[in-house]
Amino acid sequence: MRALVAAVALVTVPLLLTGCGYGSKPVPDSGGPAPGKGPKTDGLDQVRLGYFANVTHATPLVGLRTGGAIPEELGGTRVTTQVFNAGPSAVEALNAKAVDMAWVGPSPTVNGYLQARGKNLRIVSGATSGGASLVVDPDRVKSADDLKGKRIATPQLGNTQDVALLHHLAERGLKVDARTGEGDVSVLRQDNKEIPTTFQQGGVDGAWVPEPTASALVAKGGKVLLDEKELWDEGRFVTTHLVVRQDFLKEHPDAVEAVLRGSVRTNAWIRAHPSEAKERLNTALERDAGKPLPRPVLDRAFRNIEITDDPLASTLKRQAEHAEATGLADSDRIDGIYDLRPLNAVLRDDGRPPVDDAGLQKGP
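Residues numbered from 1 in each chain as written. Predicted model: local features only at pLDDT ≥ 70, side-chain atom pairs only at ≥ 80, totals over all residues. Heavy atoms only, no water.

**Side note on the packing of aromatic side chains**
And then number 1: Applying the stated criterion across every chain, the model contains one aromatic pair.
And then number 2: Note on Trp-232 and Phe-237: the rings are 5.6 Å apart at their centroids and 15° apart in plane angle, and the pair reads as stacked. Across the pair, exposure class does not vary: Trp-232 and Phe-237 are buried alike.
And then number 3: Directly above the ring of Trp-232 sits Arg-318, whose terminal nitrogen or CZ lies 4.3 Å from the centroid. (Phe/Tyr/Trp six-rings, centres within 6.5 Å; stacked < 30°, edge-to-face > 60°. Buried < 20%, exposed > 50% of the residue type's maximum accessible area, 1.4 Å probe, protein only. Lys NZ or Arg CZ within 6 Å of the ring centre and 35° of its normal.)

**What to know about the packing of helix H4 (residues 87-95) against helix H5 (residues 106-115)**
And then number 1: Orientation of H4 relative to H5, taken along the N-to-C sense of each, is 35°, at an axis distance of 8 Å. Along this stretch, H4 crosses H5, giving a crossing that reads as right-handed. For the pair formed by H4 and H5, the contact residues are Gly-87, Pro-88 and Val-91 on the first element and Pro-108, Thr-109 and Gly-112 on the second.
And then number 2: For the contact of H4 with H5, the residue count by class is three nonpolar, three polar and no charged. (Axes fitted to C-alpha atoms, helices over the stretch in contact; angles between N-to-C directions. Helix = DSSP H or I, 4+ residues; strand = E, 2+ residues; numbered from the N terminus. Left-handed = near helix turned anticlockwise from the far one by under 90°. Contact = heavy atoms within 4.5 Å. Nonpolar A, V, L, I, M, F, W, Y, C, P; charged D, E, K, R; others polar.)

**So, the environment of Glu-324**
And then number 1: Relative to the elements of secondary structure, Glu-324 occurs in helix H13 (residues 313-326).
And then number 2: Glu-324 sits in the partly exposed class, given a relative accessible area of 34%.
And then number 3: Expressed as a C-alpha distance, the spacing of Glu-324 and Asp-299, which sit 25 residues apart in the sequence, is 35 Å.
And then number 4: Contact partners of Glu-324, with chain neighbours within four places excluded, come to Ala-329, Asp-330, Ser-331 and Asp-332.

**What about the nonpolar core?**
Burial of nonpolar side chains together is a common tendency in soluble globular proteins.
And then number 1: Formed by 93 residues in total, the largest nonpolar core has its most connected members in Met-101, Trp-103, Leu-281, Ile-334 and Ile-337.
And then number 2: Of all the elements, helix H10 (residues 253-272) adds the most residues to this core, at seven residues.
And then number 3: Those residues in contact with Met-101 that lie beyond four places of it in its chain are Arg-48, Leu-49, Gly-50, Leu-94, Val-124, Leu-242, Val-243, Val-244, Phe-248, Val-256 and Val-259.
And then number 4: Listed in part, the 10 residues of the second largest apolar core include Val-135, Ile-195, Ala-214 and Leu-217. (Core = buried A, V, L, I, M, F, W, Y, C linked by side-chain atoms within 4.5 Å.)

Below is the structure:
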């Protein structure tokens, strides 16, 4: 039965990619917020942006609403949006030029960058730190020593939480085939929105997931066995950053900078207005995920994330090493993956210090 479930989980990934447009859907109604006022940026009719319906994607969920800072900065250029299920789907869409920019997690970004040999993607900004946990059924898993023989879910093969789980299990001496998910622990890949139901029905013993899924599992009786913040210096690590196609960055730098200005403005507003930001975030989740979050889940999930413009580049180095160690990346050589010059120009204009690229940006 476990082998059958694992096989179904692996088949689900390509079905999502091919059957739902790279595992995504357009935002209902117009497919995105109404354009701002003024001339078109870089002469573009539209800029296509991708993100997830997760609390860890608060920047686009709040900033892309009609009248939000991002469409406002783009003036007469319309924003069209795609909502993705997990990072590998978003990276595939970027590689296929189905979207121009996307908020994505680190592991799929690293893998996509390496697969294209550094010729396609660039990280241009941070968005979120934290907001990922291993939540378990306390009746079945009382400590980390109980993980052997258990079934643990992650959102998708090769996504950020999938890599984090595989690396953590390996550090504990537990062997798992990264591709099939079979081994001392059965790793089952399943859509975030389906994991709480599977958990409640006993189909999995736990899950390493982002917010708000982690808080939804806690609301269903789960226990946080490990908050990923515990594994990182000062509790900070990149969960979500903003990625752009390299050709789009080269051909439309003004459009990229406009999105970055909107992102920086949005992040500053969220930090200054957390209560109102939560309400706008929940309204966006209702639109994109089909229903709002219950108040306890929303409050806990929002409390567990940090909104930041800093991509925390030094933590990406370690995550790249983890991906290589698990066998889900061919290398950890990610020199050139960043281009933070547009972001630092925006921050400088705002009177703020630049963010660091940890030596991973090429050029001046």
